[in-house]
Amino acid sequence: MNMNWTVILLTSVVPLIMGFIYYNEKVLGKPWMEASGTTKEKMQGANMPMIFGMALLFSIMLAMSMQFIVIHQS
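This report concerns the structure included in the present document.

Definitions and cut-offs
- Along each chain, residue indices are assigned from 1 in the same order as the chain's sequence is written.
- Selection of residues for local features in this predicted model requires a pLDDT of at least 70, selection of side-chain atom pairs for listing and counting requires 80 or more, and totals for whole chains, interfaces and linings are taken over all residues.
- Hydrogens and water molecules were not included; the side-chain quantities draw on all heavy atoms of the structure.
- By definition, any uninterrupted DSSP run of H or I lasting at least four residues is a helix, any uninterrupted run of E lasting at least two residues is a strand, and each is numbered from the N terminus.
- Every radius of gyration here is taken over C-alpha atoms, with the globule rule written as 2.2 Å times N^0.38, N being the number of residues.
- Whether two residues are in contact is decided by their heavy atoms: any pair within 4.5 Å suffices.
- With residues, only the protein chains shown are counted as cover, and all accessible areas are computed by Shrake-Rupley using a 1.4 Å probe.

**A short note on the overall build of the protein**
Counting its secondary structure elements, the protein contains 4 helices and 0 strands. In the protein, the order of α-helices and β-strands from amino to carboxyl end is α-α-α-α. Whereas a compact globule of 74 residues would reach a radius of gyration of roughly 11 Å, the protein reaches 16 Å, over 25% beyond that. Across its three principal axes, the protein shows a C-alpha extent of roughly 50 × 20 × 15 Å. Taking all contacts inside the protein whose residues are at least 6 apart in sequence as the whole, residues at least 24 apart take part in 69%. For the protein, the computed accessible surface area is about 6,000 Å², with 70% contributed by carbon and sulfur atoms.

Laid out in structure tokens, this is it:
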């Protein structure tokens, strides 16, 4: 089965966009920070390129595996 890389890359960005919206302070960021016990100071020291890079990698892996689950013609 051929992989449609354009669709895989586009669908792998969707969880990142949803996370940006969901964890925004104006939406649900403050309750999430209170529930998880984190503060803005702790978040400033985080390695954001590594976190978002790993999230994108796992999202690509998820999009690639979902292709075989959804398409039943293989």
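**Quick word on the side chain of Ser59**
Its place among the elements puts Ser59 in helix 4 (residues 48-70). Contact partners of Ser59, with chain neighbours within four places excluded, come to Thr11, Ser12 and Pro15.

**As for the environment of Pro49**
Tracing the chain through its elements places Pro49 in helix 4. On a C-alpha basis, the gap between Pro49 and Leu62 in space is 20 Å, while along the polypeptide they are 13 residues apart.

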